[in-house]
Every structure is written in C-alpha cells, then in structure tokens.
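# Geometric and topological summary
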Amino acid sequence: DTEDKMCGICGFTGYRQDQKTVIERMMKAIEHRGPDSEGSFCREKITLGFRRLSIIDLEDGQQPMESADGNLHIVFNGEIYDYKELRAELEAFGISFCTHSDTEVLINTIQQYGEKALDKLRGMFGFAVWNEQEQSLMLARDFFGIKPVYYAEIDGHFVFASEIKSILAFPGYERKVNQKALEQYLSFQYSPLEETFFRGIYKLMPGHMLLYKNGNYEIKTYFKTKLAPGQWDRKTNMEQLQNQLAENLKDSVEHHMLSDVEVGAFLSGGVDSGYLASSSGADQAFTVGFDEGDRYSEVNKAAKVAEKAGLKHHVKIISKQEFWDALPDVMYHMDCLLYTSPSPRDRSVSR
C-alpha cells in the first residue's frame with residue numbers, strides 16, 4: 001500500500017443508539033491514517049466515518065461528502081489521477097462543484113454513471129458510497145489493490161474499514177484466529193484468500209466492488225488484467241517501442257504529481273526509482289539504508305543519481321536495534337497480528 005496518499009474510512013449499516021460513540025471509536029483506531037481531521041455521517045441505516053490526511057484541496061476537501069443532488073454520501077481513501085478530466089466532463093453535463101477536490105469529482109462521477117463510473121477512474125482508491133434513495137451501500141477497491149478495504153457482518157450490521165483494527169473496535173466482534181488464512185500464510189508468506197487472519201473479517205479483492213442492500217451483499221469483478229503478447233506488430237521496431245514507453249511513463253508521472261503540497265521522491269539507487277525521481281520534477285529525494293556497509297544498502301548509488309538529477313538528497317540509516325524495535329509497530333500497522341489493544345505500544349498479543 002503506497003501510503004503517501006493515506007486517509008482512513010470506516011462505517012456500518014443499521015441503527016444503534018450508540019452510533020456516534022461507535023463510529024468515533026472506529027475512527028480513533030485508524031487515527032494514524034489521517035491525523036489532520038475527522039468527519040462522520042449518521043442516518044438511521046448508515047454511519048460513515050473518515051480520518052483525513054490532506055494532499056489535495058487542503059481547505060475544502062472534508063469528508064464524508066455528498067453528491068450534487070444530495071443523494072449519495074462518500075468516504076474515500078486514495079487519489080483519482082484523472083479527476084481534472086472527469087470534472088470537465090461532468091461540468092459539460094451541467095454539474096457544478098463547490099470544491100477543487102478529487103473526492104467531489106468521484107462522488108459526482110458515481111452519481112452520473114453509477115457502477116460504470118469505475119471504468120472511468122484512473123487512480124488508487126478504497127471508498128464507500130451510501131445511496132440514500134436506494135438505501136444501498138457500494139464499496140470499491142482499485143484495480144491493483146493499492147488501497148485496502150476490509151468488511152465483516154457483526155450482529156446484523158455490515159461493517160467496513162480501511163484497516164482490520166477499526167472493525168475490531170466495533171462492539172460484538174469475537175476475535176478468533178482464521179486457520180485457513182494461517183495455513184496460506186505459512187505456505188506462501190501471504191494469504192491469497194479473501195479471508196484474513198481474523199475469522200469472519202474479509203478483504204475486498206483488487207478490481208472488485210461490493211453492493212450491500214436489504215441485509216445481503218454481492219461482490220462483482222469490474223477489472224481484470226489482460227495479457228496480450230500478440231498485440232505488438234512484428235514490424236514495430238525498437239525505437240518505436242522506446243518512444244511509446246517514454247510517452248506512457250511521462251503521462252503516468254505527470255498524473256501522479258497532482259498535489260497541493262510539496263512532493264518528494266523515494267530513491268533506491270535502482271533504474272526504476274532513478275528514472276521516476278529524475279523525470280518527476282521533484283526537488284528532493286529520500287533514501288533509507290542499513291548499517292551493513294554496501295551489502296544491503298544502495299545509499300551510495302542513490303546519492304550519485306540524486307547528484308546527477310540535481311535533487312536534494314536526504315538519507316536515513318537504520319540500525320539493527322532500530323529495526324527490531326520498530327518491528328512490533330510495523331506488524332501492528334500491517335494488521336498481521338491479533339493485538340489485544342488498539343494501541344501499537346501495547347505489545348501483548350492474543351494467541
């Protein structure tokens with residue numbers, strides 16, 4: 001998960017007398033995802049929560065946000081790279097905007113096109129949209145699963161969040177280890193299943209959407225990668241391929257650079273990050289290394305690339321002790337262990 005555009009979403013369906021208290025508890029569990037602000041939306045059959053890290057439209061991009069017609073309400077984690085093009089398209093239909101945020105463009109794109117809006121999006125995202133008229137909830141996750149979305153059914157409520165720990169904050173969930181996911185992890189070092197280590201909590205898979213209505217939900221695939229080895233004409237020469245690759249990379253970098261705050265580049269010293277850092281137009285680059293000499297560190301290579309590209313280079317060397325000290329926090333934020341407390345500083349683990 002590329003957390004440079006990180007916010008947090010959460011919510012649940014169904015009425016509760018303690019709706020406000022519960023959503024605040026869920027938002028608190030993912031406060032680290034969005035330290036800038038929070039917002040919530042409560043109706044009889046839906047409660048939405050949001051933690052914000054401001055990247056675009058720092059003043060006016062508050063969430064939850066509603067569509068122009070007031071029917072849809074959204075919480076959204078991520079960034080829509082083609083939001084300016086989509087905004088122009090929507091304005092041609094007569095839709096007016098109150099902010100400059102990609103969130104407002106996203107919610108109105110869904111208002112205009114429904115499920116087909118997903119085919120128009122270019123970006124990384126995990127979002128939830130409540131349709132007041134239809135009394136339905138839609139969750140969606142980006143094509144490659146850069147942004148996380150988890151969900152569960154707990155005592156008649158459909159509960160969702162950016163991180164499992166937010167779902168754990170919902171009353172009534174009984175923590176149990178999911179043996180299936182554990183078997184997969186021990187075999188492959190990750191779980192390819194929809195199931196997580198927590199029994200009854202699932203992850204929405206990349207390129208999928210979920211529709212919840214009247215106590216039932218269905219999951220649909222809206223994107224599948226297609227490999228087409230025969231798409232290149234045999235007459236296409238290397239120079240043409242190089243030009244096309246350069247054009248595609250330039251277009252991608254330009255779209256990823258949209259921000260209302262300063263943008264820097266991570267630089268490993270390899271070809272990929274070196275090309276992206278030098279072509280991005282960023283002024284600063286950041287490299288992390290280890291105190292093991294050059295065996296496990298590319299700091300010296302990265303420094304040469306930064307010098308050549310004219311980038312101000314920042315280096316952080318991680319010691320062995322720092323690595324081991326940080327490991328419990330890393331595992332907590334990866335949702336890989338069953339912590340008994342919502343605080344990463346509590347090292348106790350539920351077995």
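Residues numbered from 1 in each chain as written. Predicted model: local features only at pLDDT ≥ 70, side-chain atom pairs only at ≥ 80, totals over all residues. Heavy atoms only, no water.

Okay, the pairing of strand β14 (residues 284-290) next. In the sheet, strand β13 (residues 265-266) pairs with β14 via two bridges, with the strands oriented parallel. For Phe 266, the partnering residue across the bridge sits in β14 and is Phe 286. Crossover handedness for the path β13 to helix α7 (residues 271-280) to β14: right-handed. Looking at chain direction, β14 and strand β15 (residues 312-318) are connected through seven bridges and run parallel. Within the sheet, the bridge partner assigned to Val 288 lies in β15 and is Lys 316. (Pairing = 2+ DSSP bridges. Helix = DSSP H or I, 4+ residues; strand = E, 2+ residues; numbered from the N terminus. Right-handed = clockwise from strand over helix to strand, strands pointing away.)

Turning next to the sheet that holds strand β12 (residues 216-221). A sheet is described by the order of its strands in space; here six strands give the open sequence β4-β5-β6-β7-β11-β12, paired in antiparallel fashion. Pairing within the sheet leaves two strands with one partner each, and these edge strands are β4 (65-66) and β12. Here helix α3 (residues 102-113) sits on the sheet in contact with β4, β5 (72-80), β6 (123-131) and β7 (136-141), set at roughly 125° to β5. (Contact = heavy atoms within 4.5 Å. Axes fitted to C-alpha atoms, helices over the stretch in contact; angles between N-to-C directions.)

So, about unusual backbone geometry. Here the bond from Gln 63 into Pro 64 is cis, since omega is -5°, no more than 30 degrees from zero. If you check the backbone angles, Asp 155 has positive phi at about 50° while not being a glycine. A relative accessible area of 61% places Asp 155 in the exposed class. (Buried < 20%, exposed > 50% of the residue type's maximum accessible area, 1.4 Å probe, protein only.)

Here the focus is the sheet that holds β13. Reading across the sheet, the three strands line up as β13-β14-β15 and stay open at both edges, with parallel pairing between neighbours. Of all the strands in the sheet, the pair left with one neighbour each is β13 and β15. Together, β14 and β15 form the strand contacts of helix α8 (residues 299-309), whose direction differs from that of β15 by roughly 170°.

Let us look at the confidence of the model for the chain. Taken over all residues, the pLDDT of the chain has a mean of 87, while the share at 70 or more is 88%. Considering only residues more than four positions removed or in separate chains, one finds that residues 337-351, a stretch of pLDDT under 50, has 32 contacts. (pLDDT = per-residue confidence, 0-100.)

Next up on the list: the side chain of Arg 141. With respect to the helices and strands, the residue Arg 141 is situated in strand β7. Here Arg 141 sits buried without a salt bridge, and the closest side chain of opposite charge, Asp 142, lies 5.5 Å off (N-O distance). In contact with Arg 141, not counting residues within four places along its chain, are Phe 125, Lys 147, Pro 148, Val 149, Leu 204, Met 205, Pro 206, Gly 207, His 208 and Tyr 222. (Lys, Arg positive; Asp, Glu negative; His and termini not counted. Salt bridge = Lys/Arg side-chain N within 4 Å of Asp/Glu carboxyl O.)

Residues lying three or four places apart along an α-helix face the same way, a consequence of the helix completing one turn every 3.6 residues. When helix α2 (residues 83-92) is considered as a whole, its buried residues turn out to be Tyr 83, Leu 86, Arg 87 and Leu 90. Projected down its long axis, α2 carries its buried residues within an arc of 105°, all on one side. Packing partners of the buried residues in α2 comprise β5 and α3. Remark: Gly 94 follows α2 within two positions and exhibits a positive phi of approximately 95°. (Arc of directions from axis to C-beta.)

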